[in-house]
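Residues per chain are reported as follows:
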Protein chains: 2
Amino acid sequence: MGKKIGILGGGQLARMSAYQAYKLGFEIAILEKKYNSPAGMLTKNDFEGWVEDEEQLLKFAGDCDVITLENEFIDSAYLKKLEDIGKVVIPSSKTISKIQDKFIQKSVFSKAGLQVPKFIELGESHSYEEVAEQLGERFVIKSRKFGYDGYGNALVSDEVTYKNGIEKLSDRHAFLMAEEFIDFTEELAIMVVKTQNEIKTYPLVKTIQKNHICHTVIASANIDIKLQKEAEEIAGRALSAIDGFGLYGIEFFRKKDDTLLINEIAPRPHNTGHYTIEGCKTSQFENHIRAVLNLPLGYTSLNKQFAVMVNLLGKRTGSGVPQNYNEVLKYDDAHFHIYGKAEDKKGRKMGHVTLVGDDLDELIEKANKIENEIDL
Amino acid sequence: MGKKIGILGGGQLARMSAYQAYKLGFEIAILEKKYNSPAGMLTKNDFEGWVEDEEQLLKFAGDCDVITLENEFIDSAYLKKLEDIGKVVIPSSKTISKIQDKFIQKSVFSKAGLQVPKFIELGESHSYEEVAEQLGERFVIKSRKFGYDGYGNALVSDEVTYKNGIEKLSDRHAFLMAEEFIDFTEELAIMVVKTQNEIKTYPLVKTIQKNHICHTVIASANIDIKLQKEAEEIAGRALSAIDGFGLYGIEFFRKKDDTLLINEIAPRPHNTGHYTIEGCKTSQFENHIRAVLNLPLGYTSLNKQFAVMVNLLGKRTGSGVPQNYNEVLKYDDAHFHIYGKAEDKKGRKMGHVTLVGDDLDELIEKANKIENEIDL
């Protein structure tokens, strides 16, 4: 049989990775808190539990040839445990230990000479004034760990918002940091994939957030080739700085003067790379699978001039499958991806839709129309 | 949860259909003689057994919303049994009863005014001379049922080959037919998909066989638009003649005078349609899934000017996964599909590779190079 790839986590990223693992003839195993997760339902190697449950963790790891993950909220100590019993883990515990804590992540990048927003560690004794002196009147406080989609962030502009922010975030997680507020012109992102032998980047894309959640991704960002080259160079240096192998998504702030600051790195398939499934010759998921097995990487450039991806967020409770497929599938050039989540919830990522073509305005309009009309 | 699609059969066609079912948020169930078949491994709804085992058949059918199949060698009586307990079966037992027996299939098409090679029923008493008088000196004898990839066919040109052919095929299956030998210029094929509301066809493709097995598919066939239109029209009439809903592959002989004769119809995803996965906006597998649920169909035209698919047939025994992925994956614009079969066997369909682009010669050359080099 083909090699077996263990994935820590069974959500949509693991699910879309699983399709590609199978396509190449490999097998998968899933560890997730609940049985029959979106990815778990695709295999009989479906282990219920989480990394703290050593018995399940080792059972899951069992005959896996390599272990990877779909979120970075796994303490690197658990990955180390797997490495210690001889498992290949990609991204490695070392890499995760350098990026899991956002304060450490920014410090690592900063030391490597990469540009990031100004940032400081936030102790309990810091007053608004003290922080504002270093970062300016407006700044962002962040949980150092476990933040995603805006959870774990608070924008601060005075003593009141500062106090509220600290309270909100301290509730959630103990360790905080503060970051300069960047008055960016755009948010950009790039996927990069690296093996022992090669490194490849995808096109630089534009991302549009709504309520701190990725809403639209436009590939390519269609900007100066110099900026694409710069993003590629930063991506390469960032991966060196964290000893990174496998697939990574890097989010940037683009400043008015065209400087690119690294906002964040994710050591896994990334929402800003979903467009690659139909948009590029080799999807981020396939290159993810190839990379964790240290196989040659596939071609990463766009099939057409543009690909536009829009997230389909839950608008209601109930079924995780669109109730009006008969209407929305009529957009017969749209690519629908529904994640098979057991339950819908407002704001939950339930699926996404991608359109590929040469007329950007048309693609964006149609994608938004679908998002608007879909009963999901 | 999403609707559940039951597939009779767990080979590569079911496997590639399963990917697309999941992509749209649906679930699958598989009935196959062996547990953990290429498609069975993708689900926990994996039923070991076959249609004769009524208990397993009903367990499999259980809560399926629709049942489909990946080969036409299932006696229509079993499909009728499922219909009788209220299951939607696509293709229906009625359709299968019209095409399963090739003699009946040809009779149905012929009665509908569609052109097929001359054919006759073959009784035991027929002599070579008698048949040759009707069909010409060279003709083909065929098993009326269960033939595939050249198994169940014998080319006859005199009394000796006739006697040998009859013996060979009678061994295999009781009922035989004979068909005029067509001196075709090319073999062409088309995929067609139909719901209660619409019908869509894919491009007419050229197929090249080696040892009676599909070897290369070239999409599009790049021939006169008149021939494409004619093939589309024939496809529509053929589906009407068999009350066909769902996805069908139709193989044609193209004669010197550009007549298209129907060679065969397959009521399911077809090897000549694999190129659609990357070659077309909506793959045959996705439209198969949409059609069995009577959902709107996706766009069927080509993404680039050409797509070339080459089958990867087993060259050896042993692992069903390429042993030299490190070499062949270096062709970084090729799309590899490995079917996850437990064991390799000489001549067995183990996977396929597809290349998409505008330079046909280059695509064919590269696909053949890969087929040649791959250790599978």
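This text goes with the structure placed above it.
Residues numbered from 1 in each chain as written. Chains lettered and ligands numbered in written order. Predicted model: local features only at pLDDT ≥ 70, side-chain atom pairs only at ≥ 80, totals over all residues. Heavy atoms only, no water.

**Q** Can you lay out the sheet that holds strand S4 (residues 66–69) of chain B for me, pointing to particular residues and giving the numbers?
**A** Residues and elements named next belong to chain B. Within the open sheet, the four strands sit side by side as S3-S2-S1-S4. Their pairing is parallel. If you trace the sheet from one side to the other, it starts and ends with strand S3 (46–48) and S4, each paired once. Direction aside, neighbouring strands of the sheet carry axes that sit 20 degrees apart on average. Where strand S1 (residues 4–8) lies against S4, four bridges are found, and the strand directions are parallel. Considered in S4, the bridge of Gly6 is made with Ile67. Relative to the sheet, helix H2 (residues 54–61) contacts S1, strand S2 (27–32), S3 and S4, its axis offset from that of S2 by approximately 170 degrees. Sheet strands in contact with helix H10 (residues 284–292) are S1 and S4, and its direction is about 140 degrees off that of S4. (Pairing = 2+ DSSP bridges. Helix = DSSP H or I, 4+ residues; strand = E, 2+ residues; numbered from the N terminus. Axes fitted to C-alpha atoms, helices over the stretch in contact; angles between N-to-C directions. Contact = heavy atoms within 4.5 Å.)

**Q** Please provide a residue-by-residue account of the sheet that holds strand S6 (residues 139–143) of chain A, values included.
**A** Residue and element names in this part refer to chain A. Strand order in the open sheet formed by four strands is S5-S8-S6-S7, with antiparallel pairing between adjacent strands. The open sheet has two edge strands with one neighbour each: strand S5 (119–122) and strand S7 (153–156). Geometrically, the sheet is characterised by an average inter-axis angle of 25 degrees between neighbouring strands, direction not taken into account. Both S5 and strand S8 (residues 176–180) contribute to a ladder of four bridges, which runs antiparallel. In the strand pairing of S8, Phe119 is matched with Glu179. The strands touched by helix H6 (residues 128–135) within the sheet are S5, S6, S7 and S8, with S5 carrying the most contacts at an inclination of about 160 degrees.

**Q** Outline the environment of Ala178(A), listing residues and values.
**A** Residue and element names in this part refer to chain A. Turning to its location among the elements, Ala178 is positioned in strand S8. The spatial distance from the C-alpha of Ala178 to the C-alpha of Phe103 is 8.9 Å, given a sequence separation of 75 residues. When near neighbours in sequence (up to four residues on either side) are disregarded, Ala178 contacts Lys118, Phe119, Ile120, Leu122, Val131, Leu135, Phe139, Val140 and Ile141.

**Q** Tell me about the pattern of salt bridges, and please be specific about residues and values.
**A** All names here are of chain A. Within the structure shown, the criterion is met by 50 salt bridges over all chains. Of the charged contacts, one joins Lys94 and Asp243 as a salt bridge, the two residues approaching to 3.4 Å between their closest N and O atoms. Of this pair, Lys94 sits in helix H4 (residues 93–99) while Asp243 sits in the loop between helix H8 (225–241) and strand S13 (246–254); the two residues are 149 residues apart in sequence, bridging distant segments of the chain. Residues joined in a network through salt bridges with shared partners are Glu186, Lys206, Arg254 and Asp258. (Salt bridge = Lys/Arg side-chain N within 4 Å of Asp/Glu carboxyl O.)

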